[in-house]
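# Structure at a glance
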Amino acid sequence: MTRTARVASTTAPAHGRREHWSGRLAFILAATGSAVGLGNIWKFPYITGVNGGGWFVLIYLICVLAVALPIMVAEILIGRSAQRSPVMAFRKLAGARSPWQGVGWLGVTAAFVILSYYSVVAGWTLHYSWLALSQGFAGLHPAEVEALFGQVYQDPGINLFWHGLFMLLTVTIVAAGVHSGVERWSRILMPLLFLMILALVLRAAGTDGFWPALEFVFGAHGDRLTPAGVLEALGHSFFTLSLGMGAMLTYGSYLRTRDDVVATSLAVGGLDTLISLMACMMIFPIIFVAGLAPGAGPGLVFVSLPIAFGQLPGGALWAAVFFVLLAVAALTSAISLLEVAVSHFLDWRGWSRRRAAIGIGAVIFVLGIPAALSGGTRLFGGDFAAATAVLFGAGHGKNWFDLADYLASNWMLPLGGLGIAVFVAWRMGGQAREQAFMAGSRFARLYWGWVWLLRYIVPLGVLAVFLHALGVF
Ligand code: PHE
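This write-up is about the structure you can find in this document. (Residues numbered from 1 in each chain as written. Predicted model: local features only at pLDDT ≥ 70, side-chain atom pairs only at ≥ 80, totals over all residues. Heavy atoms only, no water.)

Helix and strand counts for the protein stand at 20 helices and zero strands. In terms of overall dimensions, the protein is globule-like: its C-alpha atoms have a radius of gyration of 22 Å, near the 23 Å expected for 473 residues. Expressed as lengths along the three principal axes of its C-alpha atoms, the size of the protein is roughly 65 × 45 × 45 Å. The burial tally for the protein puts 59% of its 473 residues in the buried class. Restricting to contacts in the protein with at least 6 residues of sequence separation, those with at least 24 account for 81%. Surface summary for the protein: the accessible area is close to 17900 Å², and the carbon and sulfur share equals 68%. Separation of charge centres in the protein, based on 28 positive and 19 negative side chains, amounts to 17 Å. (Helix = DSSP H or I, 4+ residues; strand = E, 2+ residues; numbered from the N terminus. Rg over C-alpha atoms; globule rule 2.2 N^0.38 Å. Buried < 20%, exposed > 50% of the residue type's maximum accessible area, 1.4 Å probe, protein only. Contact = heavy atoms within 4.5 Å. Areas by Shrake-Rupley, 256 points an atom, 1.4 Å probe, with all protein chains shown as cover. Lys, Arg positive; Asp, Glu negative; His and termini not counted. Charge placed at Lys NZ, Arg CZ, Asp CG, Glu CD.)

With that out of the way, let us pick up the site of the ligand. Close contacts around the ligand come from 14 residues, with Ala35, Gly39, Tyr118, Phe239 and Ser242 the closest. Between the ligand and Ser34, the relevant distance is 3.2 Å, taken from a nitrogen atom to a main-chain nitrogen or oxygen of the residue. At 2.8 Å from an oxygen atom of the ligand is found a main-chain nitrogen or oxygen belonging to Gly39. Relative to its unbound accessible area of 330 Å², the ligand is 100% covered by the protein chains. At the level of elements, helix H2 (24-35), helix H3 (38-50), helix H11 (227-240) and helix H15 (315-349) are the ones that each hand at least two residues to the shell around the ligand. Within the shell around the ligand, the residues separate by chemical class into six nonpolar, eight polar and no charged. (Near = heavy atom within 4 Å. Polar contact = N/O pair within 3.5 Å; in protein donor to acceptor, adjacent residues only side chain to side chain. Nonpolar A, V, L, I, M, F, W, Y, C, P; charged D, E, K, R; others polar.)

Close contact between helix H9 (residues 178-205) and helix H13 (residues 261-289) brings their axes to 8 Å; oriented N to C, the two are set at 40°. H9 and H13 meet at a crossing whose hand is left-handed. Across the interface between the two elements, Leu193, Phe194, Ile197, Leu198, Leu200, Val201 and Ala204 of H9 pack against Leu274, Ile275, Met278, Ala279, Met281, Met282, Pro285 and Ile286 of H13. Along the lines of polarity and charge, the residues of the contact of H9 with H13 split into 15 nonpolar, no polar and no charged. (Axes fitted to C-alpha atoms, helices over the stretch in contact; angles between N-to-C directions. Left-handed = near helix turned anticlockwise from the far one by under 90°.)

On to the pattern of salt bridges. Summed over the entire model, instances satisfying the criterion amount to four salt bridges. Residue Arg18 is joined to Asp347 by a salt bridge in which the shortest nitrogen-to-oxygen separation is 3.3 Å. Separated by 329 residues along the polypeptide, Arg18 in the loop between helix H1 (3-9) and H2 and Asp347 in helix H15 bring together distant segments of the chain. Take Arg18: its relative accessible area is 11%, and that puts it in the buried class. (Salt bridge = Lys/Arg side-chain N within 4 Å of Asp/Glu carboxyl O.)

Within the secondary structure layout, Thr240 lies in helix H11. Those residues in contact with Thr240 that sit more than four places away from it in its chain are Ala35, Asn40, Tyr60, Asp272 and Ser276.

Here we come to the packing of H2 against H9. For the pair H2 and H9, interaxial distance at closest approach is 9 Å and the crossing angle is 75°. The angle between H2 and H9 places the two elements in the roughly perpendicular class. Contact residues: H2 offers Leu25, Ala26, Leu29, Ala30, Thr32 and Gly33, while H9 offers Val182, Glu183, Ser186, Arg187 and Met190. Along the lines of polarity and charge, the residues of the contact of H2 with H9 split into six nonpolar, three polar and two charged. (Parallel < 35°, antiparallel > 145°, perpendicular 65-115°, else oblique.)

All right, on to unusual backbone geometry then. Glycine aside, the phi torsion of most residues is negative, and most peptide linkages are trans. Here the phi dihedral of Gln83 falls at roughly 55°; this positive angle occurs in a residue that is not glycine. Mapped onto the secondary structure, Gln83 falls in the loop between helix H4 (55-82) and helix H5 (86-94). The phi angle at Ser242 is positive, at roughly 55°, despite the residue not being glycine. Within the secondary structure, Ser242 is located in the loop between H11 and helix H12 (247-252). Overall, Ser242 belongs to the buried group, its relative accessible area being 10%.

Here it is, written out as structure tokens:
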């Protein structure tokens with residue numbers, strides 16, 4: 001970028017030259033790629049398992065409809081109206097010195113924090129894909145599979161190598177641009193992801209575990225559901241839909257004004273939910289057939305599932321498909337996390353995309369090293385955990401990895417989501433808001449319901465998540 005453009009960028013970035021999606025489908029694919037990730041295929045099934053399925057899933061669906069979707073519409077609208085990345089968008093809509101830009105800064109910070117540990121788990125999925133393809137998990141005893149995960153979790157070499165490789169892939173795609181990078185790869189990877197998940201669900205439907213799994217996920221039972229589980233469902237709806245940290249805002253800023261935000265949000269929210277439910281319907285049948293417990297926690301996918309695949313005819317191949325699927329899902333989400341930071345430095349500092357992608361990617365790689373070395377314990381000693389315990393109550397005893405996830409899911413995303421909701425509902429001004437909502441929209445009838453949810457239900461929900469994080473419940 002030239003010097004003039006750079007000077008201009010602090011007030012009004014090169015608007016005319018902003019890249020745009022080639023159409024609505026491109027946006028839907030990219031935004032669904034951001035939403036569908038480890039949150040859907042790793043985390044949702046395991047928290048469903050821990051909370052006993054049934055009512056938990058229903059409550060989760062209500063959270064998505066009543067809290068997450070209204071925020072998604074608001075977040076994309078801010079991006080589309082301002083045609084800027086998070087910080088510059090709030091500066092443009094609220095004024096250059098407005099404290100509202102803090103919401104944007106929080107988002108950019110969250111992108112660094114989340115991607116640093118997300119990439120480490122994504123690295124495990126690459127490593128597992130490689131293991132499944134090269135030797136399979138067949139013939140391994142359950143204890144050996146467990147030992148394998150322990151080794152992956154603790155081996156600095158394995159972790160650093162795959163974390164680095166995953167960041168390299170992400171950087172390469174983002175450096176190529178919105179059009180030739182993000183959009184192009186979403187068009188290739190998302191249909192592939194859908195085909196793989198469909199094949200796995202069909203395979204699972206052919207096992208005896210399918211009906212018990214259906215009953216577990218959709219049956220009317222809630223024996224293991226607790227108030228904490230309800231709030232977990234709410235917190236997860238932010239994470240899984242990539243809300244509250246500017247990812248949807250940034251992708252929205254590459255939309256044109258005539259593109260329908262409400263319809264696209266419904267499509268993205270619907271696809272994300274569909275894929276979460278499909279993930280349950282491919283994982284639980286296989287877990288049940290192998291006689292394993294659904295409530296294994298985070299190890300459900302990395303320990304229980306390889307054990308279960310090992311007992312399935314043709315399991316080695318299916319395990320490979322599963323872990324490649326997980327890696328693809330993680331990649332399209334990581335792209336959106338890096339894009340938030342990159343587009344911020346483009347708009348704010350006028351950096352070139354290549355320079356921003358490589359520089360920021362390197363910083364995030366370094367930030368991820370503590371998580372890749374499995375923990376605060378090794379790097380910071382007990383003192384760090386103790387310090388966070390004082391600051392955040394429930395933070396006690398967490399290593400770096402858990403701490404980053406805890407901070408992002410329980411504090412940064414809900415706070416960002418609250419900021420976005422309050423800004424649009426109370427600060428933006430009725431006329432500007434209505435105009436933004438109506439532009440290109442076929443859903444004019446939903447306007448007042450949406451405003452009402454943003455004004456009252458969203459803040460109440462977020463408040464509940466905070467009180468829970470503080471240990472009030
Ligand atoms: N939505 C992604 C997932 O479910 C995670 C993510 C969060 C991506 C925030 C971007 C922004 O895995």
